[in-house]
Amino acid sequence: MSQQINKKLFEDRKRTNILSVPEQKFISYLVPRIPSWISSDGLTAIGFVGSVMILGSFLLAEYVARPLLLLGILGFYVQWFGDSLDGRIAFYRNKSRKWYGFALDIVMDWISTVMIGLGYVFYAPDDFKYSGFALVSLYGWAMIISQLRYRITDKYTIDAGLMGPTEIRVVICAVLLAEVIIPGSINYLVMGICAILFVINWVDTKKLLHLGDLKDWEEKAKKQESVSTHEAEV
């Protein structure tokens, strides 16, 4: 029998990413099997360990041997495991703390992004290091868009269309594998990722501004309606 999605675990957010269905099925399978002694914060810590592993893989690849870059793929799985299950386990156990979890998730996502970018900066040669700075900046831009969209629409989405954090992890893992097979390819692939992220962010920013404009008109209309109702009562 195929694993069913526990919809209760995902009712707080809308997912549009390509891997949403198999990912949610896998999470629904894992959540009941997490030992009771592992808390939501403990899973967040596990995700952070994954980020440390990714940073370490770049350092080991630069100063020891390039194939050790593959450690980063394991690091991304560990990061996904902790980051994807920390909030879901809280929902499953009826111990969710909406704003605490939201704040912790955003802070840890940013720290993890900086660590990954820093790892690439250590590994990349010459001017390619600037691509690491660009990657962190562009992902930060995407995070800002996500938070502003939440503020305007009151609906929290972490995906940019068909691409979400999981898809980005898969793409970067493929880039790490390609670098081990074809040394130097990572530098051009990161530049390509930066270009794609820029286009996605630009499109999402235009959509965000449109949503903001609609919100302004709605609020003005409600305010005018309230004033008109008050005047009619007087």
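Report on the accompanying structure. Please read all numbers here as calculations on a predicted model, not as lab measurements. (Residues numbered from 1 in each chain as written. Predicted model: local features only at pLDDT ≥ 70, side-chain atom pairs only at ≥ 80, totals over all residues. Heavy atoms only, no water.)

### Looking at the nonpolar core
Phe58, Phe76, Tyr120, Leu176 and Ile186 are the most contacted members of the largest nonpolar core, which has 20 residues in total. Elements with a contribution of two residues or more to this core: α2 (40–63), α4 (98–123), α5 (129–153), α6 (165–181) and α7 (185–233). Other than its neighbours up to four places away in sequence, Phe76 contacts Ile54, Ile116, Arg169, Ile172, Cys173 and Leu176. (Core = buried A, V, L, I, M, F, W, Y, C linked by side-chain atoms within 4.5 Å. Buried < 20%, exposed > 50% of the residue type's maximum accessible area, 1.4 Å probe, protein only. Helix = DSSP H or I, 4+ residues; strand = E, 2+ residues; numbered from the N terminus. Contact = heavy atoms within 4.5 Å.)

### Quick word on the packing of aromatic side chains
A full pass over the atoms with the stated rule returns 11 aromatic pairs. Consider the rings of Phe26 and Trp80, whose centres lie 5.6 Å apart with planes at 10°: the pair is stacked. Placement of Phe26 in helix α1 (residues 20–30) and of Trp80 in helix α3 (residues 71–92) is noted, with a sequence separation of 54 residues between them. Counting every residue linked through ring pairs, the aromatic cluster contains Phe26, Tyr77, Trp80 and Phe81. For Lys220, the ring lying beneath its charged end belongs to Trp217, and the centroid distance is 5.3 Å. (Phe/Tyr/Trp six-rings, centres within 6.5 Å; stacked < 30°, edge-to-face > 60°. Lys NZ or Arg CZ within 6 Å of the ring centre and 35° of its normal.)

### Comments concerning the packing of α3 against α4
At a closest axis distance of 12 Å, the pairing of α3 and α4 adopts a crossing angle of 170°. With respect to α4, the element α3 is oriented roughly antiparallel. Contacts between α3 and α4 involve Phe76, Gln79 and Asp83 from the former and Asp105, Asp109, Ser112 and Ile116 from the latter. Considered class by class, the residues forming the contact of α3 with α4 number 2 nonpolar, 2 polar and 3 charged. (Axes fitted to C-alpha atoms, helices over the stretch in contact; angles between N-to-C directions. Parallel < 35°, antiparallel > 145°, perpendicular 65-115°, else oblique. Nonpolar A, V, L, I, M, F, W, Y, C, P; charged D, E, K, R; others polar.)

Purely spatial values, then, with no claim about function.
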